[in-house]
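In case you want the letters, here they are:
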Number of protein chains: 2
Amino acid sequence: MKPLILISNDDGIDALGVHSLIDYTLQALSNECKIVAVCPDGARSGQSAAITHNAPLRLYRRPSYKGAEMWAVSGTPVDCVKLAMHTIFKEKRPDLMLSGINHGSNAATCVSYSGTMGCVLEACMLGLPAIGFSLTDYRPDADFSPAREVVDKVVKGVLAGGLPAGICLNVNIPDNCSPEGIKVTRAAKGHWTDEYREYKDPSGQPFYWLTGHFVNAELDAADTDEYWLARKYATVVPTSPDLSSPANNLEIESLLN
Amino acid sequence: MKPLILISNDDGIDALGVHSLIDYTLQALSNECKIVAVCPDGARSGQSAAITHNAPLRLYRRPSYKGAEMWAVSGTPVDCVKLAMHTIFKEKRPDLMLSGINHGSNAATCVSYSGTMGCVLEACMLGLPAIGFSLTDYRPDADFSPAREVVDKVVKGVLAGGLPAGICLNVNIPDNCSPEGIKVTRAAKGHWTDEYREYKDPSGQPFYWLTGHFVNAELDAADTDEYWLARKYATVVPTSPDLSSPANNLEIESLLN
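First, a word on what this report is: a plain description of the structure on this page. (Residues numbered from 1 in each chain as written. Chains lettered and ligands numbered in written order. Predicted model: local features only at pLDDT ≥ 70, side-chain atom pairs only at ≥ 80, totals over all residues. Heavy atoms only, no water.)

This paragraph deals with the overall build of chain A. The number of helices and strands found in chain A is six helices and 13 strands. Over its C-alpha atoms chain A spans a radius of gyration of 19 Å, differing by no more than 12% from the 18 Å that the globule rule assigns to 257 residues. Seen through its C-alpha atoms, chain A measures out along the principal axes to roughly 55 × 50 × 45 Å. Going through the 257 residues of chain A one by one, you find that 61% of them count as buried. Of all intrachain contacts in chain A linking residues separated by at least 6 positions in sequence, the fraction that spans at least 24 positions is 76%. Working note: accessible area of chain A is about 10100 Å², and carbon and sulfur atoms make up 50% of it. Side-chain charges in chain A split into 22 positive and 30 negative, and the spacing between the mean points of these groups amounts to 7 Å. (Helix = DSSP H or I, 4+ residues; strand = E, 2+ residues; numbered from the N terminus. Rg over C-alpha atoms; globule rule 2.2 N^0.38 Å. Buried < 20%, exposed > 50% of the residue type's maximum accessible area, 1.4 Å probe, protein only. Contact = heavy atoms within 4.5 Å. Areas by Shrake-Rupley, 256 points an atom, 1.4 Å probe, with all protein chains shown as cover. Lys, Arg positive; Asp, Glu negative; His and termini not counted. Charge placed at Lys NZ, Arg CZ, Asp CG, Glu CD.)

Written as structure tokens, this is what we have:
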């Protein structure tokens, strides 16, 4: 039985990244799969797990790409997964959900803001094996070929072995190289800084535009994604949509008494 | 030294919930604090940890409320925290960040979509002790009084004792009652279902509007937030912005080899 695969992203249905992910998935599985891509109708980077609840959504069929069904949604990445499951996959659930390939890194804390990973977390909560792929090059015409072998290995591995319950994967791929290998690791801790450029409008009033850079608080930690990406390895981070930290319950109880 | 407190939310600067949170915080601390509220300029529910990177942001001063500075931001809840830290708190960081009180529950998986918790996670990544408060009544004119004692206890406890590094709190309060107590617990696992109402536009084309209900997969689990909220307890869930699950690394490594 050919696996049925849902692909989404946050860069939109016209992004090179989603076409590359379809290409590499078809190659990995020797065309023995059915792919349905359901993506935003435009760029939705930085949308995290946002949902559209105060406006209607539209779902539009687009021309197929190499046999893959292509659909556009007038919403967020999570909307794409929810609406796809409600309509296209109502009768038969996908065997696998893939997201990306994102134009830009989703390593370290970037995962918090990531639409690419937002829809992966949603698919995971819905019980699907789900994987997000991101390339560390944000340009619209990025060369996605470093991802080819990584997609091959990860997609085949997950289709064959499944994923632990409640766990999805966040895969990052270094750009402009042939990756040295794949490291299973964790997200580096850190934060963003110098986050706004300041302007004055023609009437002299200030406005702000997001920019900044990531400060890695664990530069030398050899068990983190940033460490291995810097050394030209692809990284795979097992990721959970459950943010609870019950290991801290006793300490918090003592605070409140 | 009076503590300096940043308050944000996702329901916007005009919401009753943020005014109630200011009221109850001032009462808890006998007015011995300085509050600065920086909130979206309108409703931003369901915005998760979304950021605005492709448009400028404006920051507007509003009239003060009971001595609290009030500011509106033309962006998401996370934008509010980032921009507040870049501007208002550039010289002196807040001692505490609070969010809410949200109009509606953020228990269980709702935390994934929650703007209330999105900005709490952001504050946590920036190293601030941070707490999100939500009431299980989504109505604009909800009665927030069940939150009064909970805010008192949690704010005093955290100001006195701090929070573990990398941990913030997700506090939910049952509506229309005097809470039986406070339980420190974890998020119930589950998912949303029946998520769209379907319509036809005047030309006969379909459109969709998000709705649905939460299916609790752990109805009888007495260590979950949904369990205790149903029994009229307020719940406190220690929450981490780090989604990595390194306990699964070995299993994932074996998949890829």
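Looking now at the state of the cysteines. Taken as a whole, this structure holds zero disulfides over all chains when the rule is applied. No disulfide involves Cys39(A); its sulfur sits 6.2 Å from that of Cys80(A), the nearest cysteine. (Disulfide = S-S within 2.5 Å.)

Laying chain B over chain A is done by rotating through 180° and shifting 0.0 Å along the axis; what remains is an RMSD of 0.0 Å. Here the copies are linked by what is in effect a two-fold axis. Mapped onto chain A, 99% of the interface residues of chain B are again interface residues, and the two copies thus contact each other with one and the same surface. (Least-squares fit on C-alpha atoms with pLDDT ≥ 70 in both.)

With that settled, the discussion passes to the pattern of salt bridges. Residues and elements named next belong to chain A. On inspection of all chains with the given rule, the structure shows 26 salt bridges over all chains. The closest approach of N and O atoms between Glu 69 and Lys 34, which form a salt bridge, is 3.4 Å. Highlighted residues: Glu 69 in strand β4 (residues 68-73) and Lys 34 in strand β2 (residues 34-40), separated in sequence by 35 residues. For Glu 69, a relative accessible area of 16% gives the class buried. For Lys 34, a relative accessible area of 31% corresponds to the partly exposed category. Linking Arg 186 and Asp 223 is a salt bridge whose minimum nitrogen-to-oxygen distance equals 3.0 Å. Of the two residues, Arg 186 sits in the loop between β8 (182-184) and β9 (190-193) while Asp 223 sits in the loop between β12 (213-216) and α5 (225-230), which places them 37 residues apart along the sequence. (Salt bridge = Lys/Arg side-chain N within 4 Å of Asp/Glu carboxyl O.)

Our focus in this paragraph is the interface of chain B and chain A. Size of an interface: often given as the accessible area lost when the parts come together. Facing the 76 residues of chain B at the interface are 75 residues of chain A. Counting the surface lost from both chain B and chain A, the interface buries some 6500 Å², and carbon and sulfur atoms represent 62% of this. When the buried area of chain B at its contact with chain A is split by residue, Tyr196(B), Leu243(B) and Leu256(B) rank highest and sum to 12% of it. At six residues, helix α6 (residues 249-256) of chain B tops the list of elements feeding residues into the side of chain B that touches chain A. In the side of chain B that touches chain A, the residues fall into 38 nonpolar, 24 polar and 14 charged. (Buried area = accessible area lost by both parts, 1.4 Å probe. Nonpolar A, V, L, I, M, F, W, Y, C, P; charged D, E, K, R; others polar.)

Turning our eyes to something else, we now look at the environment of Val73(A). Residues and elements named next belong to chain A. Position of Val 73 relative to the elements: it lies in strand β4. Residues Val 73 and Trp 209, 136 residues apart in the sequence, show an inter-C-alpha distance of 27 Å. When sequence neighbours within four positions are dropped, the list of residues in contact with Val 73 reads Val 38, Cys 39, Pro 40, Asp 41, Arg 44, Arg 58, Leu 59, Asp 79, Cys 80 and Leu 83.

Here the focus is the nonpolar core. Core analysis: the largest hydrophobic core is formed by 70 residues, its most contacted members being Val38(A), Met97(A), Val38(B) and Met97(B). Excluding residues that lie within four positions of it along the chain, Val38(B) makes contacts with Leu6(B), Ile7(B), Ser8(B), Leu59(B), Trp71(B), Val73(B), Cys80(B), Ala84(B) and Ile88(B). (Core = buried A, V, L, I, M, F, W, Y, C linked by side-chain atoms within 4.5 Å.)

What follows deals with the sheet that holds strand β4 (residues 68-73) of chain B. Residue and element names in this part refer to chain B. Read across the open sheet, the nine strands follow the order β3-β4-β2-β1-β5-β6-β7-β13-β8; overall the sheet is mixed. Strands at the two margins of the open sheet, each flanked by one partner only, are β3 (59-65) and β8 (182-184). The sheet shows a mean angle of 20° between the axes of neighbouring strands, direction not considered. Of the strand pairs in this sheet, strand β1 (residues 4-8) and strand β2 (residues 34-40) are connected by four bridges, and their pairing is parallel. Looking at the pairing, Ile 7 lines up with Ala 37 of β2. Docked against the sheet, helix α1 (residues 16-28) engages β1, β2, β3, β4, β5 (96-103) and β6 (130-135), running at close to 135° with respect to β5. (Pairing = 2+ DSSP bridges. Axes fitted to C-alpha atoms, helices over the stretch in contact; angles between N-to-C directions.)

Residues three or four positions apart in an α-helix share a direction because the helix packs 3.6 residues into each turn. Residues and elements named next belong to chain B. In terms of burial, helix α3 (residues 115-125) is a largely internal element, eleven of the eleven residues being buried. Residues of α3 that are buried: Gly 115, Thr 116, Met 117, Gly 118, Cys 119, Val 120, Leu 121, Glu 122, Ala 123, Cys 124 and Met 125. Two or three places before Thr 116, at the start of α3, stands the capping residue Ser 114, its side-chain oxygen 3.2 Å from that residue's backbone nitrogen. Positive phi shows up at Gly 127, right after α3, with a value of about 90°. (Polar contact = N/O pair within 3.5 Å; in protein donor to acceptor, adjacent residues only side chain to side chain.)

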